[in-house]
Structure formats: structure tokens, C-alpha cells
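Residue strings, one per chain:
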Amino acid sequence: MQKGLFSLLASRRFGPFFFTQFLGAFNDNVFRQALILLIASGVVSTVSVNTLNNVALALFIVPFFLFSALAGQVADKYDKATLVRKIKMVEVFIMSAAAVGFFFDGVYFLLAVLFCMGLQSTFFGPIKYSIIPQHLTDKELVSGNALVEMGTFLAILLGSISGVLLKMDGVGDGVVAMTVVGLALLGYLAARGIPAAPAADASIKINWNLWKETWHIVGYAREVKSVWMCVLAISWFWFMGAAYTTQLKVYVDDYLFGTDGLYALLLGTFSVGIGLGSFLCEKLSGKRVELGLVPLGSIGLSVFGIDLFFSYAGLAGVGQVTDNTIGIASFLQQTGGYRVLMDLLGIGVFGGFYIVPLFAFIQHRANPKHLSRIIAANNILNALLMVLSAVAGIVLIGLLELTVPQFFLALALTNILVASYIYTVVPEFLIRLLVWMLTHTMYRVKHTGMDNIPDEGPCMLVCNHVSYVDALLLGGAIRRPVRFVMFKPIYDMPLLNYIFRTGKTIPIDSKTRNPEIYQQAFERIREELAAGEVVCIFPEGRLTEDGEIDEFRAGIEKIVSDSPVPVIPMALSGLWGSFFSHKGGKALTRLPRRFWSRIKLAVGTGVPPQDVQAGDLRERVLALRERP
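Reading the values: the criteria
- Residues numbered from 1 in each chain as written.
- Predicted model: local features only at pLDDT ≥ 70, side-chain atom pairs only at ≥ 80, totals over all residues.
- Heavy atoms only, no water.
- Patch = residues over 30% accessible without salt bridge, like charges linked within 9 Å, V, L, I, M, F, W, Y side chains within 5 Å.
- Areas by Shrake-Rupley, 256 points an atom, 1.4 Å probe, with all protein chains shown as cover.
- Salt bridge = Lys/Arg side-chain N within 4 Å of Asp/Glu carboxyl O.
- Helix = DSSP H or I, 4+ residues; strand = E, 2+ residues; numbered from the N terminus.
- Buried < 20%, exposed > 50% of the residue type's maximum accessible area, 1.4 Å probe, protein only.
- Polar contact = N/O pair within 3.5 Å; in protein donor to acceptor, adjacent residues only side chain to side chain.
- Contact = heavy atoms within 4.5 Å.
- 1 Å grid on protein atoms, 1.4 Å probe; cavity = no way out; pocket = protein on both sides within 12 Å on 5 of 7 lines; lining within 4 Å.
- Points joined across faces, edges and corners; volume = space filled by probe spheres on them.
- Nonpolar A, V, L, I, M, F, W, Y, C, P; charged D, E, K, R; others polar.
- Pairing = 2+ DSSP bridges.
- Axes fitted to C-alpha atoms, helices over the stretch in contact; angles between N-to-C directions.

Here's the deal with a nonpolar patch on the surface
Here is step 1 of the chain: On the surface, L384, V387, L388, V391, I394, V395, L399 and L400 cluster together to form a nonpolar patch covering roughly 670 Å² of accessible area.
Here is step 2 of the chain: Within the secondary structure, V395 sits in helix α15 (residues 371-399).
Here is step 3 of the chain: Its relative accessible area of 32% is what places V395 among the partly exposed residues.

Below, the structure is given as C-alpha cells:
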């Protein structure tokens, strides 16, 4: 087991909260699956099973639309640990009512209980993700979110299977009743161990106009464009997830002619995939909020989703009506059977890559005072997209008569369009993907002194210039967005130009050769620093020709005289001789010789603006480069 990830479970900062949300998700799914099977048993003969199932889904989702605005306000106004304990106590009462309903097979009564469960989940939702950054450091956010996602989907899987087993013939209704009440009590006991999580904004005045407040909290989510795009991306994920899980039973029954055991295997494979993807995401991200994994997740979702359509065509007897159901063993004897399993596993794994960094990014980048309300807005949109997912299934499968495999193909293709839109609006995702690929194939980067870069406020960074990918490596290492000042011929290079342009790089040229670009660069630098941004400049003005650090030009002194901000020296080492450097001839003209080369980035202490001198900064960078 990975110590950094699972050690959080043993800590009081995270462990009690994790088990509280795990038990809650587990109990939800035990109850819902048992209710679905009770409905399917035909105890209500006057209404069709399909209608009752749709009513059940609507009753669970409606509270998210109606009360998420109120839930977000409450979560930001009061101590979250206290709220969790109260919410879990309410769950005990709700599940006690459910126990009575199961004992008497009261479907309509249980549907009312399901609405109450949805209401309880509505109030727990904003707390679930906004409490994490209160108890974990920035470096632990990905680990915490990975564990929550793993736990949630494991709870869904185990809860669904348990719900089926508890409603099998021979198991009394009293066992179901005791199980849901017992799980609720365990959840309450776990919640008692959650440490205090003070109110984010105790001065909030509750707005009881829920319609107006809903638009208000959506406005909070839209404050930061990148956060809003993450909210939309998460909601799209739930659209896809709801579509797959909703249609999977029909896929097994009407297309694979499989048993309930086969359905459980496929559902379990999908859920395990998401848990595995969440675990791998934490490992691949290097304990940081790594947005580069989100586009990678999108690619995997589409690739495996498309292949799921073709893998169905490879199954024996496809499309043939049969009176004999196919069990797990028979299904796996077919080559296409393993392919279907691998596709569902792949969709789950890349779904984990996709979802974990998005939640971590929202927690990291959003205003802490508004975080619970932003999560509430996210929950509203999630619920809306899940409803639209059901509508899409009705229209495409019911009215336009697409097959379920064709519907899965349509999902995968639409995902490409949605991803393209999101990553065009916020190119930071794609830039981070390119940086992540670079640092996980060609280079291994070791960082020292990163804490010397302030978490907020304007500052200048200066670094030696060794290769064409210096800016990418620095941008990948520094948590804050960086505005790089770059020699215009490098800025204009094909392919790299798109990366630099979308990353708001500032092109610069010599004053004699291109005075207009020179002046525009200094104006942009002044504007970015005035806006509180981080600006990085390579004071040598060009790539090194011999591996040594050239003289620093006086431009840095001019910048600081116009905008007095601290200057932080940095040094890159290990890049000289790489494919992107000028060693042995022009860069980019030789084939790469080595992969996973060791690169070091050393960051020094900041220099006050009144002490900034180009020569002194060069000496500091030299000393950093030579530091072991």
C-alpha cells in the first residue's frame, strides 16, 4: 500500500470523515437496490415497474434542485463537523422509517423515505467536498479526493450487491431493516470523531428565496472561469456515468442475454475501474493538483467508449433472441466477453483520472468563503445533467430507436465534442497535459525551495535559459499560473506557439530590432504584476550556446523599478545536452538519446525590489545551479 495515500485513513483529520461518507454511500445503495428489487417483485400491480423506477429516481434527485442553495448556505455558515453529526442522526431516523416500510412491503411509504434520503444527501453534499481542504494541506488534496472517490464507488458497488443479496428469496425483511438502521448508526458513530471544521463565513444571512439563491450560488461558481469549467466537466461526467449505469442492465438483459450475476460483474468492473483510476491518479499526480490528467481521462473515456461499441459486435450470437440466459463463465469463454470487461474497466479507470483532479482543483482554486456554495451549485448541475441523461436515453433509444451499443458510441463521440469545448475555453488543461507527458517520459524533475514562491501576490521569477522547454518545465513545477516573458522567435515556433499563446506568454524582442514588441512586452509585464500575477523572465535573453549562464541583461532592473515586487532566483540543471538544447548543434535537430533524464529545479529566497541588480541575480542563480 502507498503510505502517503492510505496513512490518511489512520489520521483523525481524515479517517472519521472518510468512514462517515463511505457508510452513508453504502447505506444509500443498500436501501435503493433493495427498493428497486421490491418494486420489481410486483407488489404494486396497478403501476408498471418502469414507471415506479422513474418516479424513484425523480424523488431522489428533486431535493438537489430544490434545496441545494439552502444546503450550501448552511454549510458555509456553521461548523461542518457539527452539521455532519446532525445530518447523520437524521439518517438514523430516516432509516428507522425505512425499516418499517421494508417490514410491511410499503412501496409508496418507501418512496417517501427515498425523498427524505435525497434531502439528507442534499445537505451532506456541500460539506463532503468543502470540509476536505479544511483538514488537509494542498499537497494532500489529491490524496483525500482520490480516497473519497475510491470509497464512494466501492460503497456503491458493495451497497448494490448487498441490497440484492438482502432481497433474495429466503432472506427476511427484518434483515434488510436491521441492516439499514445499523449502517446509519455506525455512520453517526464515525461522525462523532470528525474534528471541528469552523464556519467559512458565519456572517451569512440565510436567503430563504431558494430560486433566487440558486442563481446566486451559480454566480459564485462562475466567478473563476477555470473553476466554472471544472464544475461543468464534473457534471458532464455524471451525465456519462448515469447513462452507463442506467443502460447497463438493459444492455445485459436485451443484448448480452446475461444473468443477474453477469450484470453484477459488469457493474462491479465499472465501479472497481473508477476506484483503481482514483488510486492511480493520486500516484501519477505526484501529490499535486495535476490538471494534465483530466484531458488524459477524456481521451481514455472516448477510446474505451468507442471500443465498447465494437466489442459488442465481436460477441458470438449477437443480436439473436434466445431463451437461455448467459452466465459469467459462458460470457468469458468468448473473446469479445473479455473485451467488454476491459472496456468497462478502462472507462472506469480513465473516469477516475478525470474526476479526482477536477474536485481537487475546485477546492484549491475557489474562494474558501464560497466553497460550500460552489459545491452546492455543482450538485445542482450534476442532478440536472443526470436528468438530461435519462431524457437522452429516452429520446435516442426510445424514440430514435438507437440500440444501447449505439447509444454508448454516441456518448463517447459526444464526449470528444464536450472535451474540445472545455479545453478550448480553458487551455490550462491541455498545457498541463503536455507538461505532464514531458515530465513523465523524457524528464524526472526534482524540486527544491518551492516554498520560496509566495502563494499569492505579485512577484518576478528569474531563471537561466537552457532549452526550448524551460518554460514548460517551470510552469509544470510551480503551483501558481506563470506569465513567461519569452524571446519572440522562440514564442513564434510552430506547435510551441499555441502552448505559449494559450498560457498568456509575453513575447519580447530587442529594442533596436522591434521597438514596438519591446514596448508592448514591458506594458504587459506591468499589467500582469499590477493584477497580482507571477511573471518569469530569462534575463540572458536567449538560449545558452555553451551550457554556461550568460550575463543577465538590465531589463529586470527596469521592470522592478516600474513595478516594485520581490524577485525570486531559480536555476535549472540537467537540461544541457537534451534534445531541446543547443549542445552539439541546433536544438531539435537530433533524435532524443535518453528518456527519464534527471532534471533539478532549485528556487532561492526572494530579493527585495530595492536590492535587485542584474549581476547579483546572476550570481545567485549560479550558486543555486551548483548546489547539490
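Having seen the model, we can carry on.
Notes on the environment of A360
Here is step 1 of the chain: Within the secondary structure layout, A360 lies in helix α14 (residues 335-365).
Here is step 2 of the chain: A360 sits 22 residues away from N382 along the chain, and the two C-alpha atoms are 17 Å apart.

Focus: the pattern of salt bridges
Here is step 1 of the chain: For the structure shown, the criterion picks out 17 salt bridges.
Here is step 2 of the chain: Where R483 meets E528, a salt bridge forms, and the shortest distance between an N and an O atom there is 3.3 Å. Pair noted here: R483 is in strand β3 (residues 482-487) and E528 is in helix α21 (residues 515-530), with a separation of 45 residues, a long-range link.
Here is step 3 of the chain: Ionic pairing is found between D562 and K558, a salt bridge with its closest N-O pair at 4.0 Å. With a gap of four residues between them, D562 and K558 both fall in helix α22 (residues 555-562), about one helical turn apart.
Here is step 4 of the chain: The exposure class assigned to K558 is partly exposed, which follows from its relative accessible area of 34%.

Let's talk about the side chain of Q21
Here is step 1 of the chain: Following the sequence through the fold, Q21 ends up in helix α2 (residues 15-40).
Here is step 2 of the chain: Overall, Q21 belongs to the buried group, its relative accessible area being 2%.
Here is step 3 of the chain: Polar side-chain contacts of Q21 include one of 3.2 Å to the side chain of T152.
Here is step 4 of the chain: When neighbours within four sequence positions are excluded, Q21 is seen to be in contact with F124, K128, V148, G151 and T152.

Here we look at empty space enclosed by the protein
Here is step 1 of the chain: What the rule picks out here adds up to five cavities of 30 Å³ or more.
Here is step 2 of the chain: Lining the largest cavity are F237, M240, G241, Y244, F270, L301, I347 and G351.
Here is step 3 of the chain: When contributions to the lining of the largest cavity are tallied by element, the ones reaching two or more residues are α10 (225-256) and α14.
Here is step 4 of the chain: A per-element tally of the lining of the largest cavity places α10 first, with four residues.
Here is step 5 of the chain: Split by residue class, the lining of the largest cavity holds six nonpolar, two polar and no charged.

Comments concerning the sheet that holds strand β7 (residues 597-603)
Here is step 1 of the chain: The seven strands lie next to each other as β1-β7-β6-β2-β5-β3-β4, forming an open sheet whose pairing is mixed. For this open sheet the edge positions go to β1 (443-448) and β4 (506-508), each flanked by a neighbour on one side alone. Between one strand axis and the next, the sheet turns through 25 degrees on average, direction left out of account.
Here is step 2 of the chain: With four bridges joining them, β3 and strand β5 (residues 534-537) adopt parallel strand pairing. The residue of β5 that forms the bridge with R483 is V535.
Here is step 3 of the chain: With respect to the sheet, helix α23 (residues 614-626) is in contact with β2 (459-463), β6 (567-573) and β7, its orientation differing from that of β6 by roughly 40 degrees.

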